[in-house]
Amino acid sequence: MFEEEPSTLKEKIYRTIIALFLFILVGTLIITFLPGDAEQSFMGAITGQNSTKAGTIAGKSIPVDYFNAAKRDCYYRYQQYGRETAQNPELLNSCAYSTVREIYIANDIATSVGFQVSEISIKREMSKQAREVHKESVSQAGYGEEDSRSLTEIYQQIYRSAPMNYRIDSATGYALFPNFLEQPLAPTENEVELEDEAKRAKISFRIVAISEVNLLNAVEAKINISDAELMKEYEKEKKDGSLSKDATGNFVSFETRKPLLLSKMKFDRKRKEVEVWKGRIASKISEPNALEAIAEETLQPIESVSNVSLSDLKLVTSNRGNSYRLANSAKFWETLANDPFSKKTVVGPFSDNDKQVYVEFGALTYGQTTAKKPADQAADFLKQRQLLSFFLEINQSIAAEYNVEKKGLLSLE
């Protein structure tokens, strides 16, 4: 009825050998029937050739797929600044580490207050995206529904494009303040008065905004590299052995190498010229009518912003229809505190995304008070409008503890 226990040494050795053989056989079959990429990952994990993490942040591991998802987001973010920027591996890696660090910090705060975006909401959003892509692909391609990719295939492709834990963490981080912490609670009487005072204070200023792209394009138009300069660089490459050779073992001809040399020398010269130009622009601040001098130097127009309240400085629109977020700069607020109004003093540059903005402050005026006492005095207890300041301060304070350790030997391409 029951299998007898091995009683002799010979039987014990025999059964051990059989068990080992079966273990090896089953393991081989499992690896054989794994998909190609899964088999490669499995064997890499066993042999130690593949790393499963891209480093750590505050001692917490960064999974490779998690890191690559952040890196892909950085790639699409940088595409708007140009193909060269989006394909810079060092820039993308640095951006990915910064992105993961921000997500980790935000999620630790979210965990402490019991907030998280649900997996169901993420899947609903992916389902909505898949339906839109499917509908668009059918209408644009001109095919019938049976000839296009199915909705299930599109959804699966979207699902596989990023790990679910990254989707949840990033969505939680981005939604933490606007969807959870920022509650529309009634303000206290004192806060109403402060807010009213901020709204009544109106400032006007003029600005000149300069982008890196503007400078590079302006410099490129002035660069003229002669054939003599190109030939000199060609001979230099030939002499130091960096010049490539053709299939016969001879150095490539000057005419073949010329377009690449021209592109390389233009790029190097543009960077140098832009840095020199930035220095000239900064030196204009101390001149009389400095804003006009900067505008003339940069070939950019002077824009004006009129009668803006302090509470609306987070996003202002100039007379030319361009929008600026000057309030994101601590230096901007420091300048305001020093009473720069109506003195034709130019300050800056203030950073706003890819732009450097120089500002000349005009007049500061006040209107009549419109403040009203809150109807419900109990709102004093509930009011938490200061939460954003606290949130940003907490974020900044704990960020110093989130040290990044990068995986130096890991290939992230």
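What counts, and at which threshold
Residues numbered from 1 in each chain as written. Predicted model: local features only at pLDDT ≥ 70, side-chain atom pairs only at ≥ 80, totals over all residues. Heavy atoms only, no water. Helix = DSSP H or I, 4+ residues; strand = E, 2+ residues; numbered from the N terminus. Contact = heavy atoms within 4.5 Å. Buried < 20%, exposed > 50% of the residue type's maximum accessible area, 1.4 Å probe, protein only. Salt bridge = Lys/Arg side-chain N within 4 Å of Asp/Glu carboxyl O. Disulfide = S-S within 2.5 Å. Phe/Tyr/Trp six-rings, centres within 6.5 Å; stacked < 30°, edge-to-face > 60°. Pairing = 2+ DSSP bridges. Axes fitted to C-alpha atoms, helices over the stretch in contact; angles between N-to-C directions. Core = buried A, V, L, I, M, F, W, Y, C linked by side-chain atoms within 4.5 Å.

Labelled according to an unreviewed UniProt entry, the chain appears under the name PpiC domain-containing protein, originating from Leptospira vanthielii.

Engineer: When you look at the side chain of Thr99 in this model, what are you seeing that I'm missing?
Structural biologist: Structurally, Thr99 is set in helix H5 (residues 89–113). The contacts of Thr99, once residues within four sequence positions are left out, are Ala70, Cys74, Arg77 and Tyr166.

Engineer: Looking at this structure, how should I read the environment of Asp354?
Structural biologist: Note that Asp354 resides in the loop between strand S7 (346–352) and strand S8 (355–366). What makes Asp354 partly exposed here is its relative accessible area of 30%. Distance in space between the C-alpha atoms of Asp354 and Ser211 is 5.8 Å, their sequence separation being 143 residues. Residue contacts for Asp354: discarding those within four places in its chain leaves Tyr81, Ile210, Ser211 and Glu212.

Engineer: Before we go on, may I ask you to explain the pattern of salt bridges in this structure?
Structural biologist: Any two side chains of opposite charge can pair, on the condition that their charged atoms come close. Using the criterion set out here, one finds 6 salt bridges in the structure. Across the salt bridge formed by Lys284 and Glu287, the nearest N and O atoms sit 3.7 Å from each other. Overall, the relative accessible area of 33% leaves Glu287 in the partly exposed class.

Engineer: Would you mind showing me how to read the state of the cysteines here?
Structural biologist: A full pass over the atoms with the stated rule returns 1 disulfide. Linked covalently through their sulfurs, Cys74 and Cys95 form a disulfide whose S-S length is 2.1 Å. Between Cys74 and Cys95 the sulfur-sulfur dihedral comes to about -85°; the bridge is accordingly left-handed. Within this pair, whereas Cys74 is found in helix H3 (residues 64–78), its partner Cys95 is found in helix H5, the two being separated by 21 residues in sequence.

Engineer: Just to check I follow, could you spell out the packing of aromatic side chains for this structure?
Structural biologist: Aromatic rings in a pair are described by how distant their centres are and how their planes are angled relative to each other. Applying the stated rule across the entire model yields 11 aromatic pairs. Judged by centre distance (6.5 Å) and plane angle (70°), the rings of Phe205 and Phe332 are edge-to-face. Here Phe332 lies in helix H14 (residues 330–337) and Phe205 lies in strand S3 (residues 201–211), a separation of 127 residues in the sequence. Owing to a relative accessible area of 0%, Phe332 belongs among the buried residues under this scheme. Between Phe205 and Phe361 the ring centres are 5.9 Å apart and the planes differ by 65°, which places this aromatic pair in the edge-to-face class. Of the two residues, Phe205 sits in strand S3 while Phe361 sits in strand S8, which places them 156 residues apart along the sequence.

Engineer: Where do I start with the sheet that holds S3 in this structure?
Structural biologist: In sheet architecture, strand pairing relies on hydrogen bonds along the backbone and comes in two forms, parallel and antiparallel. What the 4 strands build is an open sheet, ordered S4-S3-S8-S7; its pairing is antiparallel. Among the strands making up the open sheet, the edge pair consists of strand S4 (303–309) and S7. Shown here is a sheet whose adjacent strand axes are inclined to one another by a mean of 35°, direction ignored. Each of S3, S4 and S8 is contacted by helix H9 (residues 189–200), which is oriented at about 60° to S3, the strand it contacts most.

Engineer: I'm lost on the nonpolar core in this one. Help?
Structural biologist: The tendency in soluble globular proteins is for nonpolar side chains to be buried as a group. The biggest cluster of nonpolar side chains holds 30 residues, and the ones touching the most others in it are Ile62, Val100, Tyr104 and Tyr166. Of all elements in the fold, only strand S1 (53–57), H3, H5, helix H6 (119–141), helix H7 (151–160) and helix H8 (164–181) reach the threshold of two or more residues within this core. When residues in this core are grouped by element, the largest group, 8 residues, is from H5. Residue contacts for Tyr104: discarding those within four places in its chain leaves Ile57, Lys60, Ser61, Ile62, Pro63, Tyr66 and Tyr402. Counting residues in each nonpolar core, the second largest holds 24 residues, with Ala218, Ile223, Leu243 and Val252 among its members.

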